[in-house]
Structures are given as structure tokens and as C-alpha cells.
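Take a look at the letters that make up each chain.
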Amino acid sequence: MDPLDQSVLIAILVALIAYFTKGKLWGGDATNDAIEKMGSFGGNTSDLVATMKKNGKKAVVFYGSQTGTAEDYALKFAKEFQSKFKVPTMTADLADVSFENFENIQKEIPDFKLAAFFMATYGEGEPTDNAVEFFDYLENECENLDSLKFVCFGLGNSTYEFYNAIGKKTASKLAEKGAELVGELGLGDDGKGTMDEDYLSWKEQLFDVVKATFHLDEQAVKYEPSIQTTESSDLDISSSTVSLGEPNSSYVNPVTDEDKNSLRFGPFNHTHPYLAPIINTKELFNSKDRHCIHAEFDLSDTNLKYSTGDHVAIWPSNSNQKVSKFLDILGLEKKKDQVIELKSLDPTVHLPFPSPTTYDAVLRHYLEISGPVSRQFVKSISQFCPNEKTKHALLEISDDKDLFNKSVTNKYLNIADCLAMLSEGEPWKDVPFSFIIESVAKLQPRYYSISSSSSMEKQKIHITAVVEQEKPEGCDHYVTGVATNLLLNIKKEQHKDKDLELIETYDLEGPRNKFHSKLPIHIRRSTFKLPSNPATPVIMVGPGTGAAPFRGFIREKVKQVENGNKVGDILFFFGCRNSTEDFIYKEEWTEYSKKLDSKFSMVTAFSRETEKKVYVQDKILENSARVVQLLDQGAFLYVCGDASNMAKGVQQTLVKVYQTEKKVTEEIATNMIKQLRVNNRYQEDVW
């Protein structure tokens, strides 16, 4: 057996031991490393009731989160609930706990108050990955929750068909088991951009109900740190134990074979990515102002695999400009490389990233500093205003939803922008850095549909990403995407393109120069898949970068033909602004057509080449007979792209197509479309 095979077997063995023992082999040596691997409890048990009893907790806030948003709201709710009502409260990732004794929680914990659930809906009305086992428990193991009182806030998007399905299902399932919902079920709507206001409205009403239900005394909310930050005088950025922004502690100073193997062979997931080389980048648009990057990641030195139709998560960093502005408004610019040590003050609170680290590393690699600022955050930071004038301005704006929208939200201000505006540029030096760590959402991976085929590109992952950089009307600065501008910066560096002007730049070398032309990634499995039978026809609708997974699908079909398989008809509806500017992969589609012969048909819609805008929906209607013919032959229909307009428009158009071609009523046509979904023949990958 050669060394590579031995390494792979060792990595697999370690992963299996970790999985089946659920971390118990690490027992009582709760180092920072172990704490990070053990999840929310920071201890050596996943027994929820035992953990709460040991730490004197009287309430628990669970979260089912896919991208970190539900987790962020859960953490904020727990801190405010504890501060306002003096009820010791903990948060818990649903995947990290055992619900074995959950039915006895009221008996086991004297004066237990309530359980709160913050539940995001993922995909087609599905639970997030970390909530799957919780629903399995409710449906197959849980018998009676008569004594449990709970609250629930769902995070959803009304542009999706299954809006807030999991929030509703959580409340319904708990009620079926006898649990009592306190207050109203909260429903946050990201589709309308009102998630934060939906949460604030729900929370304010809920707290009044909770106060009355449990006869609680209300206190003024005051920041109570769960994490302590201390500046170190013994360490500097050259110290081998200091994290400079590595994804997790195993990257900081990998000495053991176990650590080195984990970096190469995983297992890789949302807590432990693979540092993948970017071996090729190219521009897909023919435009001075807009960019679309094709990037290729190399998997040849790892065992990481994907399937056609999966998503890849890119772990980005914040831009130099954003980091510098945030450091400056906190008065930390001159101390950016100061080493700080983090310590949990609550055994149930785990450190969110490796320690020790630096101010710069935290803001560059670990916190979401580029996104919009919430009214809730502005309210909470009021206790640290640099002067009375700033405090007056802050309270005025945070107490008025309309004024906040006009002054902050509609001007696309991030946290640093907002603080600078409120204080007229004076630094907020009294803000504890622990407050920043606990109050600012964690920087999350960005997910992209993979645009390559796992059959054709076994050791490569391709992605296709439009670079987000625009200056909205009434806004005096560019609004930029974190990951896409990072990719643009990498592309400029790789091609030594002196003519490409960047709005934002990044530290491309990364921690300890490990990131040169590399980025951390992991794979998220998807149900967006081709039919198992290659002969089944497919219809694909993907305007813009919605074409990304379909490039992978079509490359898969080409490979099937090369392997001697008979493939079904492929009808692809693609749309963009015009044929000369943003017709991505234009030459490739022609090549695919040659290789697939008569099996491949591409219908294009260019919205800005004619006086009347033409979209993919219009082209579907024009080709209604062909669409229905293929569907009658058992075709699978796929839609990828914008959820709020395009995907809805396509569904409405398909109803019209069935009405016209089948001569049926709108109601019957709608039910026919629903049946396609039930049979998994109508699939969406939308955002």
C-alpha cells in the first residue's frame, strides 16, 4: 500500500471514529480545539437536559440554520431574553444535542421557562441540514411534550412556493405532541427584505406575553459579555499558535499527521473546508462595466468529490477597504495586528473562531461586516456612544422604522458606514470588542451552482459568478459582493491585467501566505439532478448565471454520448441582455450542439435587443407545443435563477402553456404543474 492510500485510510478511520462516538473520545480535555469540534455546549456531552442542569440554565434557544441567519437571530434573542428577564438562557444547534430526555425537561429542571426555536426553511420546503434529526425525533421518538411551553420564529422567503414551511411545521409538530405555543408564530420574510423588522415586531409583542405568562420582572437591557477578549503582551503575529484568519484551528499550526491529513482528505463540511487551488479564471462578459467570472478549482490533491448539480461553498474574506474602515471607526487601525485572546465566560457558549487571533483577522475573515446594518444592532450599541450628540441621533433613528429605512437601509449602509454617519466620523472607542464579536453575524460561505460535470471534470469544479458591484440610485458608494469581487481580484492577479480597475482589493495571500491562488471550499449536496435514465428528455430554463448548472448538465450529456449512451432531447431556454455583451459560454453552446447533434436545442431571449423586452418566459410561450410534447414524453423540467421574478414568471407561463395546448381551465393547468412537482419532474434551483 503506497503512502497516499495509507493517508486516505487514516483520514477515513479518524472521521468514522469521530462520527460514531460523537466526540466522546475527547472526553474531559476541553481545549479550544475540542470545544470547536463539540459544538454549542463546549463540554463533553450532548445531553441537553444534563448540560442545562449543570450550568443552571432555565431556557433554551434552538436554531435550524443553513447559512447562519437563524443562528444569528437565535443568539441575539437569547442574550436579550436573559438580560431583560434575568432568566439564564443558552443557545443550541439542533444537530449538537441529544433529545433523549427532552420530554422530561420540565421535571428535571426546576423553574424551567421555555424553549425557543428559530427555524429556517431550505430548498423546497425542507429542513436545514442541522434540523433533519430533530424532525426525525419529533416524528418517530417523541411521545409527549404536554408540559413544554415554546416560542417559534420562522425564517423564510415569500418568493418561494413553500414559504416558511419549516417554521410552520415546527410549531405544528410540537403542538401535536402537546406543547403549548406562547404568543404568535413569528414569520420573517427575506423575500420582501423585511426579516429584521418582522423579527423586531414579533419579539416586542412576544416579550409582553412572556412577561405575563411567566410572571417575570423586566429589567433594562444591558450588555453582558459571554466572551472575554484580552490583549496579549506575550504573543505577536509571528507566534505559531496565533490564528491569522485560518478557517479553523487545525489550519493554524498543523503539526501532527492527523491535522495534515484532515487538511488534505477531510472530511470537508461547513466547519472544515478544503483549501482548493484556483487553476483557471476567465472573463465571460464583453463589457467595461460588468463582469462575470468563470473559475476552476483543482481537486486532484484531495479525495473531495461532487456530483453534477451540486453546489460549492466558497469561504470569502472581507476587502481591504471594508476592514480598514471598520478598524478605523472602532479606533483600532493602529492596533490591527494586536494579538487578542478569547475566553468563554459561559460553559455553554463556544468560541466562534480560533483563539488567540488579531483584531484584523477577526474583521477580515470571521465577521460579516459588509452587509446591511439592522435597526436592532443600532439599538443595542447605543450604550457605547462616543458622545451625547451621537446618542441622541442614534436613539432618534433607531426608534423610527421609516426614518431608519430612509437614512440607513435605503442608502445601503453597512455597520461601519452607519456608525461613522451617526458620530460624524468620531471613533467608537468605548465599544467592547467582545460586543462586536457577539453582535455581528459570522461571515458565511457563499454558495454557487457548480457549472461543470463530475463525469467530464472528475477533479475540477467550475463556477460561474456575476460580480456584484453597483451604485444604486440615491447611493453615493458601490454595493459589492464579498466573494465575487474577491474572485475578480484573483482573476486580475492571475492574468496580470493592468487595465482592470478594481473597486475593492483583497489580501490574496491570506493567513501565513497559504491562500495564494487558493480559497477554502466545501460541497453542499443538491437534489437538483438529471434523471437517472439518460434517455429521458429534459427542459432547462436558465437566464444569466442561471445557466451555470445547465452547463454542467449538458457537459454530462456530452459525456454520456461519448460513453455510447442514448440520450433524450434537450431543450434549453437561455436569456441575457444582448448577444454581444453577456451571452455567457456562447461558443461552447455551439460545440455542444455539434456533439449532441439533433438532441440539443437552444432558444435564446435577449431582453435589450428589441424595443420590447423579451424574456425566457416569452420564448417558452412561443414554443408551447414543443414544451408540452416533451412533458408528455416524460421530460423533467428545471428552472435556475432569480426566484422573485423569473421563476414565478416561468411557472405562470407554464400554466398558460397547458391551458393553450391542453384546452383546460387555469385551475386544471395549475394542478397539472403541481403534479409535475409532486413527481419531482419540476425542479428549481433559485435564489
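Attention in this report is confined to the structure presented alongside it. (Residues numbered from 1 in each chain as written. Predicted model: local features only at pLDDT ≥ 70, side-chain atom pairs only at ≥ 80, totals over all residues. Heavy atoms only, no water.)

**A short note on the overall build of the protein chain**
Worth spelling out the cut-off: Counting from the N terminus, the helices are DSSP H or I runs at least four residues long and the strands are E runs at least two residues long. Atoms counted for the radius of gyration: C-alpha only. Globule rule: 2.2 Å times the number of residues to the power 0.38. Any residue under 20% of the maximum accessible area for its type is buried, any over 50% is exposed, and the rest in between are partly exposed; the area is computed with a 1.4 Å probe on protein chains only. In what follows, residue pairs with any heavy atoms lying within 4.5 Å of each other are defined as contacts. Accessible surface is estimated by sampling points in the Shrake-Rupley manner with a 1.4 Å probe; for residues, cover comes only from the protein chains shown.
From N to C terminus, the protein chain includes 23 helices and 23 strands. The C-alpha radius of gyration computed for the protein chain amounts to 26 Å, which stays within 12% of the reference 26 Å derived for 687 residues, consistent with globular compactness. For the C-alpha atoms alone, the extent of the protein chain along its principal axes is close to 70 × 65 × 60 Å. A total of 687 residues make up the protein chain; the buried ones form 52% of that total. The long-range share in the protein chain, meaning contacts at least 24 apart out of those at least 6 apart in sequence, stands at 77%. Accessible surface, the protein chain: about 30900 Å² in total, of which carbon and sulfur atoms supply 47%.

**Re empty space enclosed by the protein**
Our working rule: The distinction between a cavity and a pocket rests on a 1 Å grid over the protein atoms alone: a 1.4 Å probe fits inside a cavity but cannot get out, while a pocket stays open yet meets protein on both sides within 12 Å along at least five of seven lines, and a residue with an atom within 4 Å of a point counts as lining. Grid points are joined across faces, edges and corners, and a volume is the space filled by probe spheres set on the points.
Counted by the stated rule, this structure contains two cavities of 30 Å³ or more. If you add up the space inside the largest cavity, you get close to 50 Å³. Residue lining of the largest cavity: Gly68, Glu71, Asp72, Leu75, Glu438, Ala441, Lys442 and Gln444, and that is the complete set. No other element matches the three residues that helix H4 (residues 69-85) contributes to the lining of the largest cavity. Roughly 30 Å³ of volume is contained in the second largest cavity. Lining the second largest cavity are Lys322, Lys325, Phe326, Ile369, Asn414, Ala416 and Asp417. Elements represented by at least two residues in the lining of the second largest cavity include exactly helix H10 (320-329) and helix H15 (415-423).

**A look at H4**
The condition is simple: Each helix should span, by expectation, one fewer than its residue count multiplied by 1.5 Å.
A rise of 1.5 Å per residue sets the reference length of H4, with its 17 residues, at 24 Å; its end C-alpha atoms lie 24 Å apart and thus fit the reference within 8%. Taken across its 17 residues, H4 has 12 buried, putting it largely inside the fold. Of all the residues in H4, the buried ones are Ala70, Asp72, Tyr73, Ala74, Lys76, Phe77, Ala78, Glu80, Phe81, Ser83, Lys84 and Phe85. Lys86 sits one or two positions beyond H4 and adopts a positive phi of about 55 degrees.

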